Amino acid sequence: MKTLSSKAAAAVEKARSEGRAALIGYLPAGFPDVPTTIEAALAMAANGVDLIEIGIPYSDPVMDGRVIQDATVQALAAGFTVPQIFDVVRGITSATDVPVLVMTYWNPVMRMGVREFASRLAEAGGAGLITPDLIPDEAAEWMAVSDEFGLDRVFLVAPSTSPARMRSTVEASRGFVYGVSVMGITGARTSVGAAARAVVDDAHAAGAERVCVGLGVSSAAQVAEIARYADGVIVGTALVAALRDGGVPAVAALCKDLSTGTGKNPS
Amino acid sequence: MTHQHTGGRASEPAAEIDGDAAAAFLSHEGRPESLRHAPGPYFGDYGGRWMPESLIAALDELQETFEAAKADPEFTAQVAELNATYAGRPSLLTEAKSFAAHAGGVRVFLKREDLNHTGSHKINNVLGQALLAKRMGKTRVIAETGAGQHGVASATAAALLGLECVVYMGAEDTRRQALNVARMQLLGAEVIPVTNGSQTLKDAINDALRDWVANVDTTHYLLGTAAGAHPFPAMVRYFHEVIGEEARAQILEQTGKLPDAVCACVGGGSNAIGIFHGFLDDPSVRLYGFEAGGDGVESGRHAATITLGRPGVLHGARSYLMQDEYGQTMESHSISAGLDYPGVGPEHAYLADIGRASYEPVTDREAMDAFKLLCRTEGIIPAIETAHALGGALKVGQRLAADLAPGEQPGDKVIIVNLSGRGDKDVATAAEYFDLLPDDSAEQEIAKEGEQL
Ligand SMILES: Cc1ncc(COP(=O)(O)O)c(C=O)c1O
């Protein structure tokens, strides 16, 4: 795993130096509109989030559960288009030092052209990409282009990932490795289960310096549980639901609460 | 939407396509000597595994199981036995003499997949995959379905082999195809209406994939067409290769020679790749895939993926894709639910690019004209999907007849059409289309909705 000039790695390491796991918050771009996405992301940054993840709404989000699907369907129906992601990223990075990763299914990137997409993302101040349906095996172009523009490439590993794939995926990643906590899709769960810990341990054993856990995390208690063994905790659905139900103030309040769970050695 | 092509297939006149295709194929430039049995994961630039990591282990397991099964005489014997004693294979090759009079007078033969158990080619694939599911020790299969053909076939195979079966189907389709939902339920399957996204076949696939990620230990995803992530395209083709093998032997026996053209409809591409496969290495045989032209490709309301799409990734494979300028999947439109899919199998994308097969759109209207013609001339009611192949075959026959060498007769030319399914499921749609239902009848209400598929 290459650490060279990685914004995402720096954010996780900063949290580590403070005795914490990094808190990573996800919101889809354009839900309910672009200005609100920026405002909500800045509220996350001001309330304990170390790294911001912004999703590109996509017509066929196979890894997403109902809450995120509904939000992205709404964003697309309201007219969100892929190039607006760069406005969102620019809007956030011009107002905070907290780095921004873009989470995207691969076809919109392919359609724009991987190089074009990467260059515009870098120009907007983005840190890199999280790619839920791109595995390193198919990522030759993205590997080259992300090197060229110094972008992070966050690949996923899952409870089903074989030891060989664990090694190759860790090797291909930059910034951190995204450990999928359960076999399933995004959505709040009451418990993330033992599989998450095994994924993190396996990824660490395969050489990953930073492993962050996502899928199903929705409460400070879950954050606290995961923070004990992982380098970062990713919260998505719960934040989307908060924004849906209570707007930006609810996002701020939830982040504040979640961030109380990130301590590595809770007293 | 911009239409950039690696080749100019769609926009050129048909005669030129044929000449170019034959020349490109014969030149053998940079491709393997044989096109048969292409193993994947890639078909030229297409195919692969554009899939979440969570599913890669399951795809690996499936691939290993499939490779081992193919090499295991016990498995191949099991498939052959089910094909012979359950599905009803070999299917007939029927000469359609009266229909042929409308196809420039060339000889037309129908490969009768409509006579298979459950009424279409789909049974070939589901029996094979259900056997693989059992070999993997899985107890549950899931499937997607549009109008219900693949769902019914999957429920059938699951009932036969003692597997639990869950079918994902667009919520709209469950209402329009209430009888097919009942068929699946009679066979013991659970039908889950899909209310996500555009609530169509592609969203049913999305939901099936979401189910698969969460239940992969016990569950096999029984994908219904030759698309998706490796090994699905090569595996689904393998189970349908029997169509082409039989057709090739039957046509040689009945006419003493190879056909001039083989025609099939293309949704995801399973019936087409199955029959094409038998003739891939016969350069004199032209292969035609007919896509759903809907209201006409210029209308924007169609499912002509290869004709008008451009390369992209959807549901695990890189292939031609109907997408907007931002890479969002576009909604397809066709009178035929089974062709109403914005993607297409990757092997077809490759065969199109190298010019081995030609893909052309057939509109709803052309398909329905051919549908009626086959009913009236041959006493066979085809599936509306299949009617697209018939509509295309009429044009191919007329072109062959217009392009004869000196001394040749139209009757020297031979076309095989893959009659992929029977039309019982489509009677309501067709009756409404041809205005056969009394006003305000209950059937008319149902059919009205069905027609908008
Ligand atoms: C009778 C029939 N033919 C063709 C198709 C299209 O599928 P494919 O392109 O995979 O053969 C279907 C799909 O439902 C069908 O029912």
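Residues numbered from 1 in each chain as written. Chains lettered and ligands numbered in written order. Predicted model: local features only at pLDDT ≥ 70, side-chain atom pairs only at ≥ 80, totals over all residues. Heavy atoms only, no water.

Novice: So, the overall build of chain B: which residues are in play, and what are the values?
Specialist: When its secondary structure is counted, chain B shows 17 helices and 14 strands. Computed over C-alpha atoms, the radius of gyration of chain B comes to 20 Å, within 12% of the 22 Å expected from 2.2 N^0.38 for 453 residues, which places it in the range of a compact globule. With the C-alpha coordinates of chain B rotated into their principal frame, the extents come out at 65 × 60 × 50 Å. Scored against the burial criterion, the 453 residues of chain B give a buried share of 62%. Carbon and sulfur atoms form 51% of the exposed surface of chain B, whose accessible area is close to 15,700 Å². Each charge class in chain B can be summarised by its mean position, and for the 37 positive and 62 negative side chains these summaries are 3 Å apart. (Helix = DSSP H or I, 4+ residues; strand = E, 2+ residues; numbered from the N terminus. Rg over C-alpha atoms; globule rule 2.2 N^0.38 Å. Buried < 20%, exposed > 50% of the residue type's maximum accessible area, 1.4 Å probe, protein only. Areas by Shrake-Rupley, 256 points an atom, 1.4 Å probe, with all protein chains shown as cover. Lys, Arg positive; Asp, Glu negative; His and termini not counted. Charge placed at Lys NZ, Arg CZ, Asp CG, Glu CD.)

Novice: Kindly report on the site of the ligand, identifying the contributing residues and their values.
Specialist: Residues and elements named next belong to chain B. Close to the ligand lie 19 residues; Thr 225, Gly 267, Gly 269, Ser 270 and Ser 420 are nearest. Between the ligand and the protein, one listed contact pairs an oxygen atom with a side-chain N or O atom of Lys 122 at 3.3 Å. At a separation of 2.7 Å, an oxygen atom of the ligand approaches a polar backbone atom of Gly 269. Here the ligand loses 96% of its free accessible area of 390 Å² to cover by the protein chains. Secondary structure elements with two or more residues in the shell around the ligand: helix H11 (270-277) and helix H15 (384-402). Residues that form the shell around the ligand fall into these classes: four nonpolar, 13 polar and two charged. (Near = heavy atom within 4 Å. Polar contact = N/O pair within 3.5 Å; in protein donor to acceptor, adjacent residues only side chain to side chain. Nonpolar A, V, L, I, M, F, W, Y, C, P; charged D, E, K, R; others polar.)

Novice: Describe the interface of chain B and chain A, naming the residues involved and giving the relevant values.
Specialist: The interface of chain B with chain A comprises 36 residues on the first partner and 35 residues on the second. Inspection of the region where chain B meets chain A yields two salt bridges. The shortest N-O distance in the salt bridge between Asp 60 of chain A and Lys 202 of chain B comes to 2.9 Å. Summed over the shared surface of chain B and chain A, the number is 21 residue pairs in polar contact (both at pLDDT 80 or more). Those elements that provide at least two residues to the side of chain B that touches chain A are strand E2 (46-50), helix H2 (56-70), helix H9 (201-215), strand E11 (310-314) and strand E12 (316-321) of chain B. With seven residues, the single largest contributor to the side of chain B that touches chain A is H9 of chain B. A per-class count over the side of chain B that touches chain A returns 14 nonpolar, 12 polar and 10 charged. (Contact = heavy atoms within 4.5 Å. Salt bridge = Lys/Arg side-chain N within 4 Å of Asp/Glu carboxyl O.)

Novice: Can you explain the packing of aromatic side chains? Please cite residues and give values.
Specialist: All names here are of chain B. One pass over the structure, following the stated rule, counts 14 aromatic pairs over all chains. Between Tyr 238 and Phe 239, the ring centres sit 5.3 Å apart and the planes meet at 70°, which makes this aromatic pair edge-to-face. On the basis of relative accessible area, Tyr 238 is assigned to the partly exposed category, the value being 23%. Judged by its relative accessible area of 4%, Phe 239 is buried. An aromatic cluster is defined as three or more aromatic residues linked by ring pairs; in this entry it consists of Phe 66, Phe 75, Tyr 238 and Phe 239. (Phe/Tyr/Trp six-rings, centres within 6.5 Å; stacked < 30°, edge-to-face > 60°.)

Novice: Outline unusual backbone geometry, supporting the account with residue identities and numerical values.
Specialist: Excluding glycine, residues mostly have negative phi values, and the peptide bonds linking residues are mostly trans. All names here are of chain B. Residue Pro 41 follows Gly 40 across a cis peptide bond; omega there is -5°. Here Pro 41 is to be found in the loop between helix H1 (14-27) and strand E1 (42-43). Note the cis peptide between Arg 89 and Pro 90, where omega equals -5°. By the element assignment, Pro 90 lies in the loop between helix H3 (73-87) and strand E3 (93-95). Positive phi, normally seen in glycine, also occurs at His 37, with a value near 60°. Judged by its relative accessible area of 43%, His 37 is partly exposed. Located in the positive-phi region is His 315, a residue other than glycine, with phi close to 55°.

Novice: Residue-level account of helix H5 (residues 122-135) of chain B, with values.
Specialist: All names here are of chain B. Compared with an ideal rise of 1.5 Å per residue, which puts 14 residues at 20 Å, H5 spans 20 Å between its outermost C-alpha atoms and is within 8% of the ideal. Among the 14 residues of H5, 12 are classified as buried, and the element is accordingly described as predominantly covered. Following H5 by one or two positions, Gly 137 adopts a phi angle in the positive range, close to 75°. (Expected span 1.5 Å × (residues − 1).)

Novice: For the packing of H11 of chain B against helix H13 (residues 346-353) of chain B, give the residues involved together with the corresponding values.
Specialist: Packed helices, taken two at a time, are described by the angle their axes make and the gap between the axes. All names here are of chain B. Taken N-terminus to C-terminus, the directions of H11 and H13 make an angle of 55°; their axes are 10 Å apart at the nearest point. Relative to H13, H11 is oriented oblique. With respect to the hand of their crossing, H11 and H13 are arranged in left-handed fashion. Contacts between H11 and H13 involve Ala 272, Ile 273 and Phe 276 from the former and Glu 347, His 348 and Leu 351 from the latter. When the residues that make up the contact of H11 with H13 are grouped by side-chain class, the tally is four nonpolar, one polar and one charged. (Axes fitted to C-alpha atoms, helices over the stretch in contact; angles between N-to-C directions. Parallel < 35°, antiparallel > 145°, perpendicular 65-115°, else oblique. Left-handed = near helix turned anticlockwise from the far one by under 90°.)

Novice: Please give an account of empty space enclosed by the protein that cites residues and values.
Specialist: The gaps of empty space that remain are located by a probe, the size of a water molecule, rolled over the atoms. All names here are of chain B. One pass over the structure, following the stated rule, counts eight cavities of 30 Å³ or more. Counted as a void, the largest cavity has a volume near 390 Å³. Sorting the residues of the lining of the largest cavity by element identifies strand E5 (140-145), helix H6 (149-161), H9, H11 and H15 as the ones contributing at least two each. For the lining of the largest cavity, a count of residues per class yields eight nonpolar, 18 polar and five charged. Each pocket or cavity is described by its volume, and for the second largest cavity that value is around 220 Å³. (1 Å grid on protein atoms, 1.4 Å probe; cavity = no way out; pocket = protein on both sides within 12 Å on 5 of 7 lines; lining within 4 Å. Points joined across faces, edges and corners; volume = space filled by probe spheres on them.)

Novice: Which residues make up the pairing of strand E4 (residues 107-112) of chain B, and what values do they have?
Specialist: Residue and element names in this part refer to chain B. With respect to burial, E4 is a largely interior element, five of its six residues being buried. When E3 meets E4, the two strands line up antiparallel, connected through three bridges. Bridging across to E4, Leu 93 finds its partner in Lys 111. Bridge count between E4 and strand E14 (residues 414-419): six bridges; the pairing is parallel. In the strand pairing of E14, Phe 109 is matched with Ile 416. (Pairing = 2+ DSSP bridges.)

Novice: Please set out the pattern of salt bridges residue by residue, giving values where relevant.
Specialist: Residue and element names in this part refer to chain A. Per the counting criterion, the structure on display carries 42 salt bridges over all chains. Between Arg 20 and Asp 50 there is a salt bridge, with its nearest N and O atoms 2.9 Å apart. On the criterion of sequence distance, the pair formed by Arg 20 in the loop between helix H1 (7-17) and strand E1 (22-28) and Asp 50 in the loop between helix H2 (34-46) and strand E2 (51-55) is long-range, its members being 30 residues apart. On the basis of relative accessible area, Arg 20 is assigned to the buried category, the value being 18%. The network of salt bridges with common partners includes Glu 13, Arg 16, Glu 209, Arg 210 and Asp 231.

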